[in-house]
Each structure stands twice: as C-alpha cells, then as structure tokens.
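# Structural features, examined
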Amino acid sequence: MSIRNGLLALLEDGAMYGYQLRAEFEARTGATWPLNIGQVYTTLGRLERDGLVVPVESGDDDDGYRRYALTPAGRDEVTGWFHTPVARGAPPRDELAIKLALALTVPGVDVNDVVRTQRTSTVRTLQDYTRLKVRADESGDLAWLLVLDSLVFQAEAEIRWLDHCESRLARFADRPSPTRTGARQPAAERIPVRR
Amino acid sequence: MTTSGTDLVLELREVTRVHGGGANAVHALRGVSIQVWAGELVAIMGPSGSGKSTLLTLAGGLDEPSEGAVLVEGRDLGTLSRSELAAVRRRQVGYVFQDFNLIPALTAAENVALPRELDGMSARRARREAVRALAEVDLHDLADRFPEDMSGGQQQRVAIARALIGDRRLVLADEPTGALDSTTGEAVLRLLRARCDAGAGGVLVTHEARHAAWADRVIFLRDGVIVDETGPPAQVESLLGLGAEQ
Ligand SMILES: Nc1ncnc2c1ncn2[C@@H]1O[C@H](COP(=O)(O)OP(=O)(O)OP(=O)(O)O)[C@@H](O)[C@H]1O
Ligand SMILES: [Mg+2]
C-alpha cells in the first residue's frame, strides 16, 4: 500500500506537520503498519515535488518543522484513490505457498504435518485478532475494527486454503507419486524457504 | 488430574462411538477426551465426517458412547435413569442442532418457551422469558411467527434463543452460524461468548475458523481423533504492534 495515498488522505482534514501525520496514520490503523518519520518526510518531499502538497506559509513550529497542506491536484489525487480499486498486481512472494510446494518434493518432509502445524498456528493468531476486536468494539474504535476484520478474513482465507490443501493431498495420496524434479537438482540451486 | 470438581461442566473420558457393526462398523469417535470448564468456550473444527456432531450429541446426552464416559457437571450420564437424563437435557444443557429442530406447529416464542414449560414453569412466565431470549437474538418482532414463515437465518436464531433460555450451564452448538450472514453470525458468536463469560461452559462446532476464533481453545478433529489443539490465549497486550515484522 502506498504511504503516499495514506498521507494525502490524512491531509484532507487540514494542514499537518510530518510528525502529526505519522501519529495520525498509526492511530487510525491501530499501529498495524508502523511508519518511521524518515519515510514520512521523504514521501512529503516527493509529494511537494509532484505538486500535490505545499508547505503552509509561516506554518513552521518553534523547531522549524513545516506544516503541509493539500493542493487542488492533491485533493483530486485523494478522490481518485478512494474511487479506484486496489490492483492486486503480481502475487507477492508467499513464504507459506513456497514452503508447501517444496515440502511436496523435499524428501523426509511430511506435507500434512506442515499443513497441520500452520493451521493451528494461524487459528491461534485468529483467536488473538478476535480478542483485539472485542476490545476495539468496546472502545468504539471503528477504523481499527475494520483493519482487524481485514486481518481476520485474510487469516481465515489462509486456513480455508490449508483445509483445501489437506483434502487435495488426501485425494492425491492414492495416485502414483509425482515426478520430483526439485529433488534431483543440486541442493545449491533450490530456493531456500527461510532466509 | 481433576475429576468431578464443581467447575468442570463437561468431561469426555476416552469416548469411543461405533456406528453399526462387523465389516460396516464406522468408528465415528475413537478415544476422545475433552474437558470444558465453567466460563470456557471450546470450538471443535474438522472436515465433514470427522465426528463433530457425534461428539456433540454424546455431550448432550442424546446418544450414548460405545466406550468411555460423559460427565455433565460431574454426573456420569451413563448412570442416570431415563427421566434423570431428560431432566439434565432440559435444565442443564442448551443444544443448537445443525438442522435447527424447531417444532413446526409451534410459534417462535412457543418453541423457545417449551423447555421451560416442560420443566413446570407457568406458561406466562415461560413466554416472558422466551420473548426476552428472542430479543437477545434480535427477533422480538417475530415471536408469534411459525418456523415455516421465517428465513433460514431467523429459524437458526430461534434455535439459539431456545438453547440459551433459562440458566443452562452447558451450551452445545452445532454449526449455529450456518445460515447466517457474516455480521449476524458474529452477533451469535458474541452471544455465545457472553454466555460463557457469564459462567457457562460452551462447545461450538464450526467449520469457519473466523467463528472458532471466538473460543478459548480450538480442538481439531480428524477421523474421530483429536489431532491438534490451540493452547491458552496469548497476552493481548503483546499483540499491539502485531504485523510490524511483516
Ligand atoms: N447413525 C449413524 N449410522 C452410521 N454412521 C453414522 C451415523 N451417524 C454418523 N455416522 C458416521 O459417523 C461419522 C461422523 O459423523 P458426524 O455426523 O459426527 O460428522 P461431522 O464431523 O459432524 O460431519 P459434518 O461436518 O458433515 O456435519 C461419519 O462417517 C458418519 O457417516
Ligand atoms: Mg455435523
């Protein structure tokens, strides 16, 4: 997700200092995606270069920090962002999918075991998210609640995929074993699962 | 090990259930042991046919184990007379069936009030309680409707109200969110959770991980055997800032 759009959207509320933007971003997304202040200033620099934000005149604070405001072009950018679907793009490298693919061919690894261990762990994560949801609900923090729901549905999707893998594996168990191209390659050429 | 302490609401001891016999015998459960404490919600997950409903019917005294024992609040159901068992089912156990099991000739309120009336409560009081239980599942307007005039999700909520009415110490729910959309399903889970937080023990069968996640523990069943279980909850505090390393 682009920090650019996030910062621009926050500036819809009015001009802000870099450190305020950072605090607001984290507050509104429940600190799920922490930003460092360097990222915020670099991004603001680029936005200024592109004419989407301007420093507010005489808006410096005592320490010389500048306050930024949206330009009309910046405002258009925010509107455009909210009305454009997020592109999925190329699938990001998924360690779990890679791990399972490799577990199929690396000798001595029980894929079912990998699936089961992962599922239990992801369900535990899901339990943790759910406890956080209960709290967010009690404190009426709708923005954080929506972010948590998103994490919940993603974790659930992973679990469903794992269930699906398990039944597919069971169905394949009766068939003759697949050609294990990976196993015949020298170890050095294989993709390491963990760095 | 703890035996029949007052806080142990449900205990399955090495429970086996075999359907049929000889070459056609189906081992629906094989040596399953589970303890559910007061205040605890336990979820059971597993593929179709793994024995989840079998486990729940045994826990609710609707079926008997082939081997092993089922104890509800310390009483071995296998030692009870028919009428004692019926009383346990009416007073101590709330049961949400996978297929609702509402009585078609009774209205929503009458369905919910039935276990209370059977228990000797006056019809007026039972109805008052039933209407309150229906309100808890957002159905106060439909108290006088018959099941066939309700949507699947509404019938399901009636079934849930019926299981939660009165002071049942053990609540057993088989896929209680099956016919519900995601926010209504979540509302039902909140209700179950609240009932357990108030001191009941609960067992929830579900294939939806999102719903199982409301439980304190999740037990994974496969081919009639427990294959895995999530442990005690982590400290929620340590999770703020979760995802930071991703
Ligand atoms: N009355 C019966 N006679 C024979 N076999 C039965 C009977 N009841 C259940 N079984 C078998 O016992 C096994 C476990 O059934 P159970 O209903 O407990 O599964 P489940 O986990 O609830 O499945 P689902 O997710 O589909 O509801 C299945 O193989 C089923 O066919
Ligand atoms: Mg079932």
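See the structure shown above.
Residues numbered from 1 in each chain as written. Chains lettered and ligands numbered in written order. Predicted model: local features only at pLDDT ≥ 70, side-chain atom pairs only at ≥ 80, totals over all residues. Heavy atoms only, no water.

Check the secondary structure of chain B and you find seven helices and ten strands. Projecting the C-alpha coordinates of chain B onto the three principal axes gives extents of approximately 55 × 45 × 40 Å. Residue pairs at least 24 apart in sequence account for 68% of intrachain contacts in chain B once pairs closer than 6 positions are excluded. In the structure as shown, chain B presents an accessible area of about 11,200 Å², 48% of it carried by carbon and sulfur atoms. Counting 26 positive and 34 negative side-chain charges, chain B places the averaged centre of each group 6 Å from the other. (Helix = DSSP H or I, 4+ residues; strand = E, 2+ residues; numbered from the N terminus. Contact = heavy atoms within 4.5 Å. Areas by Shrake-Rupley, 256 points an atom, 1.4 Å probe, with all protein chains shown as cover. Lys, Arg positive; Asp, Glu negative; His and termini not counted. Charge placed at Lys NZ, Arg CZ, Asp CG, Glu CD.)

Within the structure shown, the criterion is met by 29 salt bridges over all chains. A salt bridge links Asp 216 of chain B to Arg 193 of chain B; the shortest N-O distance between them is 3.1 Å. Highlighted residues: Asp 216 of chain B in the loop between helix H7 (209-212) and strand S9 (217-222) and Arg 193 of chain B in helix H6 (residues 182-197), separated in sequence by 23 residues. No difference in accessibility class separates Asp 216 of chain B from Arg 193 of chain B, as the two residues are buried. Residues joined by salt bridges that share partners form a network here, namely Lys 133, Asp 137 and Asp 149 of chain A together with Glu 186 and Arg 190 of chain B. (Salt bridge = Lys/Arg side-chain N within 4 Å of Asp/Glu carboxyl O. Buried < 20%, exposed > 50% of the residue type's maximum accessible area, 1.4 Å probe, protein only.)

Residue and element names in this part refer to chain B. Around ligand 1, a shell composed of His 19, Val 26, Ala 28, Pro 47, Ser 48, Gly 49, Ser 50, Gly 51, Lys 52, Ser 53, Thr 54 and Gln 98 is seen. At 2.8 Å from an oxygen atom of ligand 1 is found a main-chain nitrogen or oxygen belonging to Gly 49. Taking 640 Å² as the accessible area of ligand 1 by itself, protein coverage stands at 58%. Among the elements of the structure, strand S2 (26-37) and helix H1 (52-59) are those that each provide at least two residues to the shell around ligand 1. Looking at the shell around ligand 1, the element that brings in the most residues is H1, giving three residues. When the residues that make up the shell around ligand 1 are grouped by side-chain class, the tally is three nonpolar, eight polar and one charged. (Near = heavy atom within 4 Å. Polar contact = N/O pair within 3.5 Å; in protein donor to acceptor, adjacent residues only side chain to side chain. Nonpolar A, V, L, I, M, F, W, Y, C, P; charged D, E, K, R; others polar.)

Now for the nonpolar core. Looking at soluble globular proteins, one finds that nonpolar side chains tend to be buried together. With 56 residues, the main nonpolar core has Leu 126 of chain A together with Val 112, Leu 134, Val 158, Ile 160, Leu 204 and Val 218 of chain B as its most contacted residues. If you tally residues by element for this core, the top one is helix H7 (residues 142-172) of chain A, at eight residues. Ignoring sequence-local partners within four residues, the contact set of Leu 134 of chain B consists of Ala 108, Ala 109, Val 112, Leu 139, His 140, Ala 143, Val 158 and Ala 161 of chain B. Of all hydrophobic cores here, the second largest spans 28 residues; its members include Leu 12, Val 15, Ala 59 and Val 93 of chain B. (Core = buried A, V, L, I, M, F, W, Y, C linked by side-chain atoms within 4.5 Å.)

Let us now look at the side chain of Gln 156 of chain B. Structurally, Gln 156 of chain B can be placed in helix H5 (residues 152-164). Residue classification places Gln 156 of chain B among the buried residues on the basis of a relative accessible area of 1%.

Residue and element names in this part refer to chain B. Protein-derived coordination of the magnesium ion (ligand 2) comes from Ser 53 (OG) and Gln 98 (OE1), at a distance range of 2.0 to 2.6 Å. You can see Ser 53 sitting in helix H1 and its partner Gln 98 sitting in the loop between strand S6 (93-96) and helix H3 (108-118), a full 45 residues away along the chain. According to the relative accessible area criterion, Ser 53 is partly exposed, its value standing at 28%. For Gln 98, a relative accessible area of 47% corresponds to the partly exposed category. (Donors = N, O, S within 2.8 Å, 3.2 Å for Na, K, Ca; no water.)

What follows is about the packing of aromatic side chains. All names here are of chain A. For the coordinates displayed, the defined rule picks out five aromatic pairs over all chains. Between the aromatic rings of Tyr 17 and Tyr 19, the centroid separation amounts to 5.3 Å while the plane-to-plane angle is 5°, which identifies the pairing as stacked. Note on Tyr 17: relative accessible area 13%, which makes it buried. Of the residues examined, Tyr 19 reaches a relative accessible area of 36% and is grouped as partly exposed. The interplanar angle of 75° and the centroid separation of 5.8 Å between the aromatic rings of Tyr 19 and Tyr 65 together place this pair among those described as edge-to-face. Here Tyr 19, found in helix H2 (residues 18-28), pairs with Tyr 65, found in the loop between strand S2 (53-55) and strand S3 (67-70); they are 46 residues apart in sequence, far enough to count as distant. With a relative accessible area of 38%, Tyr 65 lands in the partly exposed category. Counting every residue linked through ring pairs, the aromatic cluster contains Tyr 17, Tyr 19, Tyr 41 and Tyr 65. (Phe/Tyr/Trp six-rings, centres within 6.5 Å; stacked < 30°, edge-to-face > 60°.)

Moving on, we come to the environment of Arg 46 of chain A. Residues and elements named next belong to chain A. Relative to the elements of secondary structure, Arg 46 occurs in helix H3 (residues 37-49). What makes Arg 46 partly exposed here is its relative accessible area of 43%. For the pair Arg 46 and Phe 25, spaced 21 residues apart in sequence, the C-alpha to C-alpha distance is 18 Å.

Residues and elements named next belong to chain A. Restricting attention to buried positions, one finds in H2 the residues Gly 18, Leu 21, Phe 25 and Glu 26. The buried residues of H2 occupy one face: seen down the axis, they fall within an arc of 125°. Looking at the buried positions of H2, the neighbouring elements they touch are helix H1 (3-11), strand S1 (16-17) and H3. One or two steps after H2, the chain reaches Gly 30, where phi turns positive at roughly 65°. (Arc of directions from axis to C-beta.)

Here the focus is a positive patch on the surface. Together, Arg 124, Arg 125, Arg 128 and Arg 132 of chain B give the surface a local cluster of positive charge. Counting through the fold element by element, Arg 125 of chain B comes out in helix H4 (residues 123-136). (Patch = residues over 30% accessible without salt bridge, like charges linked within 9 Å, V, L, I, M, F, W, Y side chains within 5 Å.)

Let us now look at the interface of chain A and chain B. On the side of chain B, 29 residues touch chain A, which itself brings 25 residues to the contact. Across the chain A to chain B interface the summed buried area is about 2,400 Å²; carbon plus sulfur atoms make up 60%. Across the contact surface, chain A and chain B share five salt bridges. For Arg 190 of chain B, the salt bridge is made with Asp 137 of chain A, and the minimal N-O distance between the two is 3.0 Å. Linking chain A to chain B there are eight residue pairs in polar contact (both at pLDDT 80 or more). Mapped onto the side of chain A that touches chain B, the elements with two or more residues apiece are helix H6 (111-138) and H7 of chain A. Per-element tally for the side of chain A that touches chain B: the top contributor is H6 of chain A, with 16 residues. In terms of residue class, the side of chain A that touches chain B is built from eleven nonpolar, four polar and ten charged. (Buried area = accessible area lost by both parts, 1.4 Å probe.)

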